[in-house]
Amino acid sequence: MHSLAEGLQKYMLLLGCLTPKELRDVPLIVTGETRDFIASRGYELAKLCRWRRG
């Protein structure tokens, strides 16, 4: 669990976020095989991005 918290803190620092909630405002970029994988499962990235922002 400690490792997870450290990883989250590192990502927040790199993205300029002070709180985990601010991560929702960071643009989501999905490309390549990951994008293909999501699309092959029938998900639409635009809808996922809108849902993520609440």
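Remember, predicted model here, so these are calculated numbers, not experimental data. (Residues numbered from 1 in each chain as written. Predicted model: local features only at pLDDT ≥ 70, side-chain atom pairs only at ≥ 80, totals over all residues. Heavy atoms only, no water.)

*Asks:* Which residues make up the overall build of the protein chain, and what are the values?
*Replies:* Tallying secondary structure elements over the protein chain gives three helices and zero strands in all. Each helix and strand of the protein chain, placed in order from N terminus to C terminus, yields the pattern α-α-α. The C-alpha radius of gyration of the protein chain comes to 13 Å, more than 25% above the 10 Å expected for a compact globule of 54 residues. The buried share of the protein chain, reckoned over its 54 residues, is 13%. Across the protein chain, the 9 positively charged side chains and the 6 negatively charged ones have centroids separated by 6 Å. (Helix = DSSP H or I, 4+ residues; strand = E, 2+ residues; numbered from the N terminus. Rg over C-alpha atoms; globule rule 2.2 N^0.38 Å. Buried < 20%, exposed > 50% of the residue type's maximum accessible area, 1.4 Å probe, protein only. Lys, Arg positive; Asp, Glu negative; His and termini not counted. Charge placed at Lys NZ, Arg CZ, Asp CG, Glu CD.)

*Asks:* Quick one: what's the story with helix α1 (residues 2-15), residue by residue and with numbers?
*Replies:* Between its terminal C-alpha atoms α1 stretches 20 Å, which fits the 20 Å expected from 14 residues at 1.5 Å a residue. Across the 14 residues of α1, one count as buried, placing the element largely on the outside. Remark: Gly 16 follows α1 within two positions and exhibits a positive phi of approximately 75°. (Expected span 1.5 Å × (residues − 1).)

*Asks:* Run through a nonpolar patch on the surface, naming residues and quoting values.
*Replies:* Residues Tyr 11, Leu 14 and Leu 15 make up a contiguous nonpolar surface patch of roughly 380 Å² in combined accessible area. With respect to the element layout, Leu 15 can be found in helix α1. For Leu 15, a relative accessible area of 43% gives the class partly exposed. (Patch = residues over 30% accessible without salt bridge, like charges linked within 9 Å, V, L, I, M, F, W, Y side chains within 5 Å. Areas by Shrake-Rupley, 256 points an atom, 1.4 Å probe, with all protein chains shown as cover. Salt bridge = Lys/Arg side-chain N within 4 Å of Asp/Glu carboxyl O.)

*Asks:* Help me get a handle on the environment of Leu 8, residues and values and all.
*Replies:* Its location among the elements puts Leu 8 in helix α1. Looking at Leu 8, the relative accessible area reads 35%, which means it is partly exposed. Linking Leu 8 and Ile 29, residues 21 residues apart in sequence, is a C-alpha distance of 18 Å. Excluding its chain neighbours within four sequence positions, the residues that come into contact with Leu 8 are Pro 20 and Leu 23. (Contact = heavy atoms within 4.5 Å.)

Function cannot be read off these values alone, since they describe shape.
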